[in-house]
Amino acid sequence: MHCSQCGAEVPDYATFCSNCGATLKPVDAFAKTVGRVTKSALDTTARALDRAAKGVSPAIERAGRAVRPAADETVRAAKEVAKAAKPVVETTVRVTKETAEKVVKAAKPAVEKAAAVTEEAARKVKERARKR
Ligand SMILES: [Zn+2]
């Protein structure tokens, strides 16, 4: 991530900027990272479903040219499957979001404690930055 004060590149969970000594908010960075990972997982799921749908379509078309009634039946069946799968996908999305929120909540005290412990170090860096 980047320091909100001077823009210097700092490690993702740094509690202060090693360049200017500004106090950073690791909880925010952590929440941002979890959010990014969650979004990426959801995107991957959406892409997989999309690919699966695209893969099924040509097969249905081919079947349609050969045997029309059978194709209609296949389309009906595919729609039923999609309808049945929807709540599962929605539940997965919801559970993933809830888990991400729980992880952030659980990690918050530890991250905040680490921030407090390193505050003294941050003060020293600020001191050094002033003397320069
Ligand atoms: Zn900085």
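Sequence order as written defines the numbering, with residues in each chain counted from 1. The predicted nature of this model means local features are confined to residues of pLDDT at least 70 and side-chain atom pairs, given and counted, to a pLDDT of 80 or more, with totals for whole chains, interfaces and linings taken over all residues.

S.K.: What am I meant to see in the overall build of the protein chain here?
M.R.: Helix and strand definitions follow DSSP, with helices as H or I runs of at least four residues and strands as E runs of at least two, each counted in order from the N terminus. Counting secondary structure elements, the protein chain contains three helices and zero strands. Working definition of burial: number of other C-beta atoms within 10 Å of the residue's own, with buried at 20 or more, exposed at 12 or fewer, and partly exposed in between, all C-beta atoms being placed from the backbone. Residues classed as buried in the protein chain amount to 5% of the 132 residues present.

S.K.: How should I be thinking about the environment of Cys20 in this particular structure?
M.R.: Within the fold, Cys20 resides in the segment before α1 (26–66). Along the sequence, Cys20 and Arg128 sit 108 residues apart, while their C-alpha atoms lie 9.1 Å from each other. Throughout, a pair of residues is in contact if the C-beta atoms placed from their backbones lie within 7 Å. If we skip the residues at most four places from it in the chain, Cys20 touches Cys3, Gln5, Cys6, Ala8 and Ala129.

S.K.: What am I meant to see in the confidence of the model for the protein chain here?
M.R.: Low-pLDDT portions of the prediction should not be read for the details of their coordinates. Taken over all residues, the pLDDT of the protein chain has a mean of 77, while the share at 70 or more is 84%. For every residue, the pLDDT score states the predictor's confidence, bounded by 0 at the bottom and 100 at the top. Element-level pLDDT for the protein chain is lowest in α1, with a mean of 71, against a maximum mean of 80 in helix α3 (residues 119–131).

S.K.: I would appreciate a short explanation of the environment of Ser4 in the present structure.
M.R.: Along the chain, the position of Ser4 falls in the segment before α1. Classification of Ser4 as partly exposed rests on a count of 13 C-beta atoms within 10 Å. C-alpha of Ser4 to C-alpha of Thr23: the two residues are 19 residues apart in sequence and 9.1 Å apart in space. With residues near it in sequence (within four places) discarded, Ser4 still touches Ala22 and Leu24.

S.K.: Would you take a moment to explain the environment of Ala78 for this structure?
M.R.: Its location among the elements puts Ala78 in helix α2 (residues 68–117). Look at Ala78 and you get partly exposed, because 15 C-beta atoms sit within 10 Å. Sequence separation of Ala78 and Ala53 is 25 residues, and the distance between their C-alpha atoms is 9.4 Å.

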